[in-house]
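# Breakdown of the fold
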Amino acid sequence: MLSERRLEVLRAIVQDYVGTEEPVGSKALTERHRLGVSPATVRNDMAVLEEEGYIAQPHTSAGRIPTDKGYRLFVDKLAGVKPLSTPERRAIQNFLDGAVDLDDVVGRTVRLLAQLTRQVAVVQYPSLTRSTVRHVELLSLAPARLMLVLITDTGRVEQRLVDCPSPFGEASLADLRARLNSRVVGRRFTDVPPLVQDLPESFEADDRGTVSTVLSTLLETLVEEAEERLMIGGTANLTRFGHDFPLTIRPVLEALEEQVVLLKLLGEANESGMAVRIGHENAYEGLNSTSVVSVGYGSGGETVAKLGVVGPTRMDYPGTMGAVRAVARYVGQILAES
């Protein structure tokens, strides 16, 4: 266990290094922070922190920089979440309120997160496996051709063309629409298949082929759309941190192109809390020089997807955590109101 004073010294080292990008020496620490002790005592404290693996000495400098272990202790014990200012919160709300549909919400969220944190932003689309059906619309395009429109509780809209085995009249279409919605509205996608499997049998023999075709299209849509999608933005922000990546930025960029890697990273955020993965805590080697801050978002207390940012380990953790949490909260409100 580190003493309170040594924790304060570590906090000061992290804050100074994040702020100045320069390794931190004992003299600078005593000048910038009210530690209440001499530079010699601070030097001694830094030697203990180094011995225990919380800070390290880069070969070119007499100063020290935090290690992954040092940042981890800082995040867990020393860093609060920095709340956004009232103008920042108002700007977030105004920007997101202008969204016209789910794609626009996700796109705006990515841009906003990247601008607020000056990191790479990653936003997962609401997962349909956790979504419920708001409405199923059936439209007649020709005597034997329909359009199926699936609308989810998160505002996602999916359209599919259905070629029917025989002409299907307006009365039959209205009947199918009403019966289908009575069974599936408000139900989770995963619950829908058994709810509709006997529906064709309740129709006249001539219509059963078309009803079965419509249902198979609906169920295929549910399965297809359960595949996870995400949007990424702000990759250019990484170029501002060239010296934070020891060898080259390429492994980070390659990792960011791998959707599976990003989904796995976001998946590490638990349902409601925030996850912070620092440096070598990231299982993917290309991201060992980065930190990932992620959180779930959703409406009505239920998480439907995750969002977060990727940046160098030399990150303003309190500010980044505050921005990620605030944006997630506003996106959840928009989904609830949509």
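Only a predicted model underlies this, so the values are computations on that prediction, with no experimental measurement involved.

### Observations regarding unusual backbone geometry
The phi angle at Glu21 is positive, at roughly 65°, despite the residue not being glycine. Within the secondary structure, Glu21 is located in the loop between helix H1 (4-20) and helix H2 (26-32). Here Glu21 falls in the partly exposed class, since its relative accessible area comes to 37%. Positive phi values are uncommon outside glycine, yet Arg118 reaches one of about 55°.

### Quick notes on the pattern of salt bridges
Tallying each qualifying case throughout the model produces 16 salt bridges. Taking the shortest distance from any N to any O, the salt bridge between Glu50 and Arg64 comes out at 2.7 Å. Here Arg64 lies in the loop between strand E1 (55-56) and strand E2 (65-66) and Glu50 lies in helix H3 (residues 39-51), a separation of 14 residues in the sequence. Taking relative accessible area as the criterion, Glu50 reaches 29% and is therefore assigned partly exposed. The buried category is assigned to Arg64, whose relative accessible area is 17%. Bridged by salt links that share partners, the residues Arg5, Arg6 and Asp45 form one connected network.

### Details of the sheet that holds strand E5 (residues 145-152)
Here 3 strands make up an open sheet; going across it, the order is E4-E5-E6 and the pairing antiparallel. The strands lining the two open edges of the sheet, one partner per strand, are strand E4 (133-142) and strand E6 (157-163). Here the average twist between neighbouring strands, direction ignored, is 20°. Bridge count for E5 against E6 is 7 bridges, and the pairing is antiparallel. Directly across from Ile151, in E6, lies its bridge partner Val157. Most of the contacts of helix H7 (residues 170-184) go to E4, to which it runs at about 165°, and overall it touches E4 and E5.

Rules used in this analysis
- Residues numbered from 1 in each chain as written.
- Predicted model: local features only at pLDDT ≥ 70, side-chain atom pairs only at ≥ 80, totals over all residues.
- Heavy atoms only, no water.
- Helix = DSSP H or I, 4+ residues; strand = E, 2+ residues; numbered from the N terminus.
- Buried < 20%, exposed > 50% of the residue type's maximum accessible area, 1.4 Å probe, protein only.
- Salt bridge = Lys/Arg side-chain N within 4 Å of Asp/Glu carboxyl O.
- Pairing = 2+ DSSP bridges.
- Axes fitted to C-alpha atoms, helices over the stretch in contact; angles between N-to-C directions.
- Contact = heavy atoms within 4.5 Å.

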